[in-house]
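Coordinates in review
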Amino acid sequence: MTNSGQDTHTVVLRRVGWALMALCAIDVLVFVMDLVWTPSRIMWPVRALVLFGAASLLLQNSLGAAVFVRWMAVFLAVTALGGVLQAWVLLPWDLLRAQWTFNAPEMRADLYGALLSAIVCLWVTRELSQPRPMDVLSRQWRRSLDLRIAAGMGGAALVLSQVAVGVLSSPYTQKAQELALAQLPAGHQVHTAQINHLKGQGEPAVSAAVWAWTESDLKRVQVRWTPTD
């Protein structure tokens, strides 16, 4: 290989590495802002740590990291886009319309965040799929470069996660909706958003977040109860 060819694939890896490092810095900044503004609700920057590790390896010209990042970029792009489509298909249309009307900033932030993640992942895939990097990577990891496996596994992960959530939450969905309706005026429709199983020193409990809406209102109702066998 010529020096120019070596420099070409190295430049690509470094460009992707610096892009991931910039995303890591943004995640850390968001974490610090949350720490200052909402110290009672801290979300640890796990993604920032992963981005920092991947970026550091790419900046060191690690070809193994390039294979892994390229594969994970496709996997994450599929899960991000699939998650958006899944929400729009599975949620009741009236709830989606109410969220878009009354909870527009949060809903749009989630939507734009998912689309931005997908765009970044697709850009990373395109960069690492250029001829020079692929020529270098294929010499040792030819079988690991087929992105159809990553896309298929991303779709399978979405389906399996939805099935798991459905199986685990189905015994409690109706109870959560009944408790939410008991707190609301007549005329509200409800949809269970999330169910959590709480286990502490006391009796096990179930906590649920339920969307409740009408033509002119949208609420997120929290309910909690102790299940009985």
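Here goes a summary of the coordinates provided. These figures come from a predicted structure and were not determined experimentally.

1. Brief notes about helix 3 (residues 63-90)
The end-to-end C-alpha separation of helix 3 is 40 Å, in line with the 40 Å expected for 28 residues at 1.5 Å each. With a side-chain oxygen positioned 3.2 Å from the backbone nitrogen of Ala65, the residue opening helix 3 is Ser62.

2. Quick look at the environment of Ala80
Its place among the elements puts Ala80 in helix 3. Sequence separation of Ala80 and Ser117 is 37 residues, and the distance between their C-alpha atoms is 7.0 Å. Contact partners of Ala80, with chain neighbours within four places excluded, come to Ala114 and Ala118.

3. Some points on the nonpolar core
Ranked by size, the top nonpolar core spans 23 residues in total, and within it Val16, Leu20, Leu58, Val69, Val124 and Leu128 carry the most contacts. Taken together, the elements giving at least two residues each to this core come down to helix 1 (3-37), helix 2 (46-59), helix 3 and helix 5 (104-128). The residues touching Leu58, leaving out its near neighbours within four places in the chain, are Leu13, Arg14, Val16, Gly17, Leu20, Ala65, Ala66 and Val69. Listed in part, the 12 residues of the second largest apolar core include Ala180, Ile195, Val206 and Ala208.

4. Comments concerning the side chain of Glu127
Turning to its location among the elements, Glu127 is positioned in helix 5. Since its relative accessible area comes to 4%, Glu127 is described here as buried. Of note is the side chain of Glu127, whose polar atom sits 2.7 Å from the side chain of Arg15. Those residues in contact with Glu127 that sit more than four places away from it in its chain are Val12, Arg15, Val16 and Pro133.

Criteria and cut-off values
Residues numbered from 1 in each chain as written. Predicted model: local features only at pLDDT ≥ 70, side-chain atom pairs only at ≥ 80, totals over all residues. Heavy atoms only, no water. Helix = DSSP H or I, 4+ residues; strand = E, 2+ residues; numbered from the N terminus. Expected span 1.5 Å × (residues − 1). Polar contact = N/O pair within 3.5 Å; in protein donor to acceptor, adjacent residues only side chain to side chain. Contact = heavy atoms within 4.5 Å. Core = buried A, V, L, I, M, F, W, Y, C linked by side-chain atoms within 4.5 Å. Buried < 20%, exposed > 50% of the residue type's maximum accessible area, 1.4 Å probe, protein only.

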